[in-house]
Amino acid sequence: MEGGKREVGGPSSEREKQEMVVVVKMEEGAFDEEEEDDDGGELQEGKGVVGNFVPGPLLPLKDQIEKDKEDESLRRWKEKLLGCLESDLNGQMEPEVKFHSIGIVSSDFGEISTPFPMNEEQSKRVLFTLQEGSEYRLKLTFSVLHNIVSGLAYTNTVWKSGLKVDQSRGMLGTFAPQREPYVHALEEETTPSGVLARGVYTAKLKFEDDDKRRHMELDYSFEIRKRS
């Protein structure tokens, strides 16, 4: 599932939102031009560093907008890109990612979506069933509240009969608060085939940002059956 595909909702384009994040980070002094990354700009797992970028100090979103309140056009531009109005901001420092649903998209059955939070009965039963050799994607719907969340990434670990059989990681990206939820489909996967591949699997899906805030941890089960 490495490097998921972005599909976002909301009135602002992704390019504009990334420009907004760059503006905010530059204002916060988050770029250090004199330091070089030994890994040639690649993502360093566990460090939250890409190239010469280091997450700057966390400021309330309201403070970030008010820094330019004397420049009316710039202030309105920021509000437009963030998808929120000044009246919506409460000064809270920590960003919050609120997940609304997880879906599975497959040619076997179309799309099945499960809303959050799941009750105890849902969490114990098989969330979805796929045929062997099937292509599928996990699809997430979530909102970002209070502040910009930087470097939101996921880890998905899968076990069968108590043995770890797969682990995938991917970067979703940086997201600003907006009124419309984000919709993000992870990279397409193909279920294995054969007698040994069939059966029930357990999995754990985790989401963290650059500052190691854990925004969700989901335990779920799925089944792979013989192709009919």
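Keep in mind it's a predicted model, so treat the numbers as computed, not measured.

Cut-offs and rules
- Residues numbered from 1 in each chain as written.
- Predicted model: local features only at pLDDT ≥ 70, side-chain atom pairs only at ≥ 80, totals over all residues.
- Heavy atoms only, no water.
- Phe/Tyr/Trp six-rings, centres within 6.5 Å; stacked < 30°, edge-to-face > 60°.
- Helix = DSSP H or I, 4+ residues; strand = E, 2+ residues; numbered from the N terminus.
- Buried < 20%, exposed > 50% of the residue type's maximum accessible area, 1.4 Å probe, protein only.
- Polar contact = N/O pair within 3.5 Å; in protein donor to acceptor, adjacent residues only side chain to side chain.
- Contact = heavy atoms within 4.5 Å.
- Core = buried A, V, L, I, M, F, W, Y, C linked by side-chain atoms within 4.5 Å.
- Pairing = 2+ DSSP bridges.
- Axes fitted to C-alpha atoms, helices over the stretch in contact; angles between N-to-C directions.
- Salt bridge = Lys/Arg side-chain N within 4 Å of Asp/Glu carboxyl O.

Undergrad: Is there a simple way to explain the packing of aromatic side chains in this structure?
TA: The way to describe two aromatic rings as a pair is by their centre distance and the angle between their planes. Applying the stated criterion across every chain yields a total of 11 aromatic pairs. Ring centres of Phe142 and Tyr182 lie 5.6 Å apart, and the angle between their planes is 20°; on these two criteria the pair is classed as stacked. Here Phe142 is found in strand 5 (residues 135–145), whereas its partner Tyr182 is found in strand 8 (residues 182–185), with 40 residues between them in sequence. In this structure Phe142 comes out as buried when scored by relative accessible area, which is 0%.

Undergrad: How should the side chain of Thr157 be read in this particular structure?
TA: Position of Thr157 among the secondary structure elements: in strand 6 (residues 149–160). Thr157 sits in the buried class, given a relative accessible area of 6%. A polar contact of 2.8 Å, which involves the side chain of Thr157, links it to the side chain of Gln167. Look past the residues within four positions of Thr157 in its chain and what remains in contact with it is Lys164, Asp166, Gln167, Thr202, Ala203 and Lys204.

Undergrad: Please clarify how the nonpolar core should be interpreted in this entry.
TA: In globular proteins that are soluble, nonpolar side chains generally tend to be buried together. One finds Phe142, Phe207 and Tyr220 to be the most contacted residues of the largest nonpolar core, which totals 32 residues. Elements represented by at least two residues in this core include exactly strand 2 (96–106), strand 4 (126–131), strand 5, strand 6, strand 7 (163–175), strand 10 (199–208) and strand 11 (214–225). The contact partners of Phe207, leaving out residues within four places of it in the chain, are Phe99, Leu140, Leu152, Ala153, Tyr154, Leu172, Arg213, Arg214, His215 and Met216.

Undergrad: Looking at this structure, I do not really get the sheet that holds strand 11. What am I missing?
TA: Sheets are built from strands that pair by backbone hydrogen bonding, the pairs being arranged parallel or antiparallel. Taken in spatial order, the 5 strands line up as 4-11-10-6-7 in an open sheet, and their pairing is mixed. Two strands in the sheet have a free side with no partner beyond their single neighbour: strand 4 and strand 7. Within this sheet the neighbouring strands show an average axis-to-axis angle of 25°, counted without direction. Of the strand pairs in this sheet, strand 6 and strand 7 are connected by 10 bridges, and their pairing is antiparallel. In the strand pairing of strand 7, Thr157 is matched with Gln167.

Undergrad: Before we go on, may I ask you to explain the pattern of salt bridges in this structure?
TA: Between side chains of opposite charge, pairing is possible as soon as their charged atoms come close. Counted by the stated rule, this structure contains 11 salt bridges. A single network of salt bridges, built from pairs that share partners, joins Lys204, Glu208, Lys212, Arg214, Glu217 and Asp219.

Undergrad: What is the right way to look at unusual backbone geometry in this model?
TA: Most peptide bonds are trans, and most residues other than glycine sit at a negative phi. Between Phe116 and the following residue, Pro117, the backbone shows a cis peptide bond with an omega angle of -5°. Looking at the secondary structure, you find Pro117 in the loop between strand 3 (110–115) and helix 4 (120–124). The phi angle at His146 is positive, at roughly 80°, despite the residue not being glycine. Note that His146 resides in the loop between strand 5 and strand 6. Residue His146 is classed as partly exposed on the basis of its relative accessible area of 22%. Although it is not a glycine, Ser161 adopts a positive phi angle of roughly 55°. Within the secondary structure, Ser161 sits in the loop between strand 6 and strand 7. Given the relative accessible area of 71%, Ser161 is considered exposed.

Undergrad: How do you make sense of the pairing of strand 6 when you look at a structure like this?
TA: Consecutive residues of a regular strand have side chains that alternate between opposite faces of the sheet. Across the 12 residues that make up strand 6, a large majority, 10, are buried. Where strand 6 meets strand 10, 7 bridges bridge the pair, whose relative direction is antiparallel. What sits directly across from Asn156, in strand 10, is Leu205.

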